[in-house]
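Examining the three-dimensional arrangement
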Amino acid sequence: MPEPAYDPLEPGDNEAIAPTGQGGQMDLALDEAESLEKPLAPGPGRNGPAEKPRSLWSDAWHQLRRNPVFVISALLILFLVAIAIWPQLIASGDPLQCDLSKSQQGREPGHPFGYDTQGCDVYTRTVYGARASITVGVCATLGAALLGSLLGGLAGFFGGWSDALLSRAADIFFGIPVVLGGLVFLSVVTGDTVWPVVGFIVLLGWPQVARIARGSVITAKENDYVQAARALGAGHTRLLLRHVGPNAVAPVIVVATIALGTYIALEATLSFLGVGLRPPTVSWGIDISNAAPQIRNAPHMLLWPAGALSLTVLAFIMLGDAVRDALDPKLR
């Protein structure tokens with residue numbers, strides 16, 4: 001039987017008819033037709049479905065996890081916070097239990113840092129001293145950050161007389177020397193707890209945060225999305241909480257993180273001068289003050305608490321630098 005003539009308009013065994021989009025048809029192989037119905041598999045040059053763009057915070061966290069400075073400082077700070085909350089985990093002794101017969105003696109089994117002038121275990125006092133110093137640093141930082149952000153944010157958002165009043169008040173506090181102000185303030189306001197020291201640091205620390213928050217809010221409120229929300233009828237509260245605040249808080253976090261280490265050093269300085277924390281509170285500043293006159297006879301009394309203080313301040317400053325690098329796109 002003669003084979004039928006080939007008709008180009010009729011599909012063959014391995015061909016399919018697909019519309020051309022112009023009212024006609026075109027011939028395709030069956031495997032090619034099936035490939036049109038299947039989604040493209042990810043491969044070289046194909047990214048697959050579009051990834052959701054990362055926000056500033058997720059992008060910053062992505063970078064921080066790969067920063068060794070952040071990882072080391074964060075682990076060290078977690079360790080310091082843990083021993084501040086539970087010092088008995090690594091120190092079983094009592095920091096207030098002393099034996100004058102062992103005054104200024106060096107290390108011995110069970111007492112690796114030796115003894116101080118009163119015969120107290122330097123190792124135990126160094127471990128327990130982290131609680132007071134970190135408590136003062138964290139509470140003072142939170143207080144200064146909250147007060148400064150509130151005042152600076154409101155002044156930058158509303159402007160006018162409130163902005164001028166805040167600027168003049170900040171100038172007054174900036175003109176007060178920190179150490180001299182601490183000597184005067186803490187000589188009048190005394191107590192057996194850390195709160196007078198925390199209150200003084202907050203009193204002199206909020207203007208710096210307020211200026212940073214003010215400038216950040218002024219920059220954020222001029223963005224197009226804020227103007228669009230305002231045009232749609234958003235009130236001041238919604239603009240501050242939903243649009244301006246979240247986009248202006250990054251510089252405040254950076255400044256507060258770096259300032260935390262500075263506040264810990266300030267507490268130790270005031271305690272060293274005798275106006276900060278007072279016995280029986282265990283503090284690195286108090287131990288450094290007691291050990292300073294005996295630096296030649298018993299240097300171990302000074303080196304261990306001073307080393308712990310320096311390491312803590314360095315860890316918080318390193319953490320602040322890493323956070324600043326991650327949150328500031330200009331530094332990437």
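These lines cover the structure that appears in this document, whether it is placed above or below. Given the structure is predicted, the values throughout are model-derived calculations rather than measurements. (Residues numbered from 1 in each chain as written. Predicted model: local features only at pLDDT ≥ 70, side-chain atom pairs only at ≥ 80, totals over all residues. Heavy atoms only, no water.)

This brings us to the overall build of the chain. Each helix and strand counted, the chain has twelve helices and two strands in total. Reading the secondary structure of the chain in the N-to-C direction produces β-β-α-α-α-α-α-α-α-α-α-α-α-α. By element, 63% of the accessible surface of the chain is carried by carbon and sulfur atoms, the whole surface being about 19,400 Å². (Helix = DSSP H or I, 4+ residues; strand = E, 2+ residues; numbered from the N terminus. Areas by Shrake-Rupley, 256 points an atom, 1.4 Å probe, with all protein chains shown as cover.)

A few words now on unusual backbone geometry. Peptide bonds are trans in most cases, and residues, glycine excluded, mostly fall at negative phi. Backbone torsion omega between Pro-279 and Pro-280 reads 10°, so that peptide bond is classified as cis. Along the chain, Pro-280 turns up in the loop between helix H10 (250–272) and helix H11 (284–291). Of note, the phi angle at Gln-104 is positive, near 65°, even though the residue is not glycine. Among the structural elements, Gln-104 can be located in the loop between helix H3 (68–85) and helix H4 (122–158). The exposure class of Gln-104 is partly exposed, given its relative accessible area of 26%. (Buried < 20%, exposed > 50% of the residue type's maximum accessible area, 1.4 Å probe, protein only.)

Let us now look at the pattern of salt bridges. Counting across every chain of the model gives seven salt bridges. Across the salt bridge formed by Glu-108 and Lys-102, the nearest N and O atoms sit 3.5 Å from each other. Judged by relative accessible area, Glu-108 falls into the partly exposed class, the value being 27%. Taken together, the salt bridges that share partners define one network made up of Arg-168, Asp-171 and Arg-211. (Salt bridge = Lys/Arg side-chain N within 4 Å of Asp/Glu carboxyl O.)

As a further point, take a nonpolar patch on the surface. On the surface, a cluster of nonpolar side chains totalling about 550 Å² of accessible area is made up of Val-178, Val-179, Leu-180, Leu-183, Val-184, Phe-272 and Leu-273. The element that contributes the greatest number of residues to the nonpolar patch is helix H6 (residues 178–188), accounting for five residues. Tracing the sequence through the fold places Leu-180 in helix H6. (Patch = residues over 30% accessible without salt bridge, like charges linked within 9 Å, V, L, I, M, F, W, Y side chains within 5 Å.)

A word on helix H5 (residues 160–174). In this model, H5 (15 residues) spans 21 Å end to end at C-alpha, consistent with the 21 Å of a helix rising 1.5 Å per residue. On its buried face, H5 is in contact with H4 and helix H7 (195–220). (Expected span 1.5 Å × (residues − 1). Contact = heavy atoms within 4.5 Å.)

Within the secondary structure, Lys-221 is located in the loop between H7 and helix H8 (224–231). Along the chain, Lys-221 and Leu-240 lie 19 residues apart, while their C-alpha atoms are 8.8 Å from each other.

Another point: the packing of aromatic side chains. Aromatic ring pairs are defined here through the distance separating the ring centres and the angle between the ring planes. Evaluated as defined, the whole model comprises six aromatic pairs. With 5.1 Å between their ring centres and 75° between their planes, Phe-113 and Tyr-123 make a pair best called edge-to-face. Taken together, the residues span a long stretch of sequence, with Phe-113 in the loop between H3 and H4 and Tyr-123 in helix H4 at a distance of ten residues. Through a chain of ring-to-ring contacts, the aromatic side chains of Phe-113, Tyr-123 and Trp-304 assemble into a single cluster. (Phe/Tyr/Trp six-rings, centres within 6.5 Å; stacked < 30°, edge-to-face > 60°.)

At a closest axis distance of 11 Å, the pairing of H8 and helix H9 (residues 236–248) adopts a crossing angle of 165°. The pairing of H8 with H9 is recorded here as roughly antiparallel in orientation. Between H8 and H9 the crossing geometry is right-handed. The segment H8 lies against H9, with Tyr-225, Val-226, Ala-229 and Arg-230 engaging His-236, Leu-239, His-243, Val-244 and Asn-247. Residue composition of the contact of H8 with H9, by class: five nonpolar, three polar and one charged. (Axes fitted to C-alpha atoms, helices over the stretch in contact; angles between N-to-C directions. Parallel < 35°, antiparallel > 145°, perpendicular 65-115°, else oblique. Left-handed = near helix turned anticlockwise from the far one by under 90°. Nonpolar A, V, L, I, M, F, W, Y, C, P; charged D, E, K, R; others polar.)

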